[in-house]
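# Overview (structure and organization)
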Amino acid sequence: MPVGTQGTIKGLTNSQLEDIGCQIILGNTYHLALRPTSELLDEVGGLHNFMNWQRGLLTDSGGFQMVSLLHLADITEKGVTFQVFFFPFEDIENISMVCSLLHS
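Since the model is a prediction, treat every value here as computed from it, not as a measurement.

### Quick word on the nonpolar core
Note that soluble globular proteins tend to have their nonpolar side chains buried in a common cluster. Ile9, Leu17, Cys22, Ile25, Leu32, Leu41, Leu47, Met51 and Trp53 form the largest nonpolar core, which has nine residues in total. Setting aside residues up to four positions removed in sequence, Ile9 forms contacts with Pro2, Val3, Gly4, Leu17 and Ile25. Counting residues in hydrophobic clusters, the runner-up holds seven residues, among them Tyr30, Leu34, Leu69 and Val80.

Here it is in structure tokens:
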């Protein structure tokens, strides 16, 4: 399973991935929230359209970043909000929304 952290596989085209039998690509929720952003993914009709990939996609929960970026995380019962210093303030809400850990 190739990793398309930010919605792209480097070094291989989609046709090449299909030719070698790739059925699923792994994405990273935290990195997708930072770039390309959930707004852009919504505008283009989702991650499948953004990547021009019609086979399976799997995204993680952002849980690894919750631990590895603990110094930038605010953890509450509702989820996790990350501090990001190089993005406009509006994107902080976007990242929080996309990377929140759901609770019942």
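### Topic: unusual backbone geometry
Along the chain, Arg35 connects to Pro36 via a cis peptide bond; the corresponding omega equals 25 degrees. Tracing the sequence through the fold places Pro36 in the loop between helix H2 (29-34) and helix H3 (38-43). Positioned with a positive phi, Thr37 is a non-glycine residue whose angle comes to about 90 degrees. Within the secondary structure, Thr37 sits in the loop between H2 and H3. The class of Thr37 is buried, set by a relative accessible area of 14%. Here Asn52, not a glycine, exhibits a phi torsion of approximately 55 degrees, which is positive. By secondary structure assignment, the location of Asn52 is in the loop between helix H4 (47-51) and strand S2 (56-59).

About the criteria used
The residue numbering used here restarts from 1 in each chain and proceeds along that chain's sequence as written. This being a predicted model, a pLDDT of at least 70 is required before a residue's local features are given, and a value of 80 or more before pairs of side-chain atoms are given or counted; all residues contribute to the totals for chains, interfaces and linings. The side-chain values count all of the structure's non-hydrogen atoms but skip hydrogen atoms and water molecules. Buried Ala, Val, Leu, Ile, Met, Phe, Trp, Tyr and Cys residues form a nonpolar core when they are joined through side-chain atoms within 4.5 Å. Relative accessibility decides the category of a residue: with a 1.4 Å probe and only protein chains considered, values under 20% of the type maximum give buried, values over 50% give exposed, and everything between is partly exposed. Only heavy atoms enter the contact rule, under which two residues are in contact if any of them lie within 4.5 Å. In this description a helix means any DSSP run of H or I spanning at least four residues, a strand means any run of E spanning at least two, and both kinds are numbered starting from the N terminus.

Function cannot be read off these values alone, since they describe shape.
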